[in-house]
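# Residue-level structure breakdown
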Amino acid sequence: MAAAAPPPAPTPAATALPDPTPIGYPLFTRIRLATASDVPHIHKLIHQLANFEHLAHHCSATEASLSSTLFTSPHFQSFTVFILELSHTPFPPQLHTQYSLFSPITQTITLDLPIDDPETETFKSNDKDCGFDVVVGGFVLFFPNYSTFLGKPGFYVEDLFVRECYRRKGFGKMLLSAVAAQAVKMGYGRVEWAVLDWNVNAIKFYEEMGAKVLQEWRICRLTDEALQAYANPAI
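Cut-offs and rules
Residues numbered from 1 in each chain as written. Predicted model: local features only at pLDDT ≥ 70, side-chain atom pairs only at ≥ 80, totals over all residues. Heavy atoms only, no water. Salt bridge = Lys/Arg side-chain N within 4 Å of Asp/Glu carboxyl O. Helix = DSSP H or I, 4+ residues; strand = E, 2+ residues; numbered from the N terminus. Buried < 20%, exposed > 50% of the residue type's maximum accessible area, 1.4 Å probe, protein only. Core = buried A, V, L, I, M, F, W, Y, C linked by side-chain atoms within 4.5 Å. Contact = heavy atoms within 4.5 Å.

## Topic: the pattern of salt bridges
All chains considered together, the criterion is met by 7 salt bridges. Residues Asp117 and Arg163 are paired through a salt bridge, measuring 2.4 Å at the closest nitrogen-oxygen approach. In this pair, Asp117 sits in the loop between strand 3 (105–111) and strand 4 (135–147) while Arg163 sits in the loop between strand 5 (152–162) and helix 3 (171–185), placing the two residues 46 residues apart along the sequence. Judged on exposure class, the residue Asp117 and its partner Arg163 are both buried. In this structure, Glu119 and Arg163 form a salt bridge, with 3.6 Å as the shortest nitrogen-oxygen distance. One end of the pair, Glu119, is in the loop between strand 3 and strand 4; the other, Arg163, is in the loop between strand 5 and helix 3, and 44 residues separate them in sequence. Taking relative accessible area as the criterion, Glu119 reaches 28% and is therefore assigned partly exposed. Through salt bridges that share partners, Arg30, Arg32, Asp38 and Glu85 make up one connected network.

## Some words on unusual backbone geometry
A positive phi angle, near 60°, is found at His54, a position not held by glycine. For His54, the position within the fold is in the loop between helix 1 (39–52) and helix 2 (63–67). Positioned with a positive phi, Asp224 is a non-glycine residue whose angle comes to about 50°. As for its position among the elements, Asp224 is in helix 5 (residues 224–228).

## Re the nonpolar core
In this structure, Phe82, Val140, Phe142, Phe171 and Leu175 are the most contacted members of the largest nonpolar core, which totals 29 residues. Elements with a minimum of two residues in this core: strand 1 (25–33), strand 2 (80–87), strand 3, strand 4, strand 5, helix 3 and helix 4 (200–208). Element by element, the count of residues in this core is highest for helix 3, at 7 residues. When sequence neighbours within four positions are dropped, the list of residues in contact with Phe82 reads Ile31, Arg32, Leu33, Phe76, Phe102, Gly138, Phe139, Val140, Phe142, Leu175, Ala178 and Val179. Leu49, Ile83, Phe139 and Phe161 belong to the second largest nonpolar core, which has 15 residues in total.

Here it is, written out as structure tokens:
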């Protein structure tokens, strides 16, 4: 009697190919130089910052005062503003001549959940070369100072602010890193700023970036009536 034929070899289990679709929600970011057309957004961001710091009663900046003072000198030689923009689609290549001074920094991050921005319409970007979904998420304002000890100029950061719905995503670090990178590029010696003593989250964030919080220094300021008293100083 002939031997029975061997059973057929088992069919190998199908191997699932990895899904090329990225998991999560991509968000495209860009840091660029602000222009005079960004003043309305900068003004709103400054007032949001004042409210966050419980200093709204000290904030008297207007769009007119910002327009007449912020963009009167070349970038990096006086007051300079970087704008943080966010979009759900990639940013187009930049062709404007203004970017010869500073190439916009673009980056893509992937979020676990989409961000619900209740102020999308209010903060739509004024850059007409971008898509309609581009919004302004924050800004940093800085200007040159000088260290006599180092014998080098530096940058002083006056304001760094990210809107509430975009916080804790790394955008503040992006803005501050852009200022630091520009300082290095220009051969500057340091970047400085102040932080409120109660803002422990910000202090921890700055220390994690490598900044030293100088406990032994205090800010001294002349403003309002105290400053005006020197208009006609007594001899």
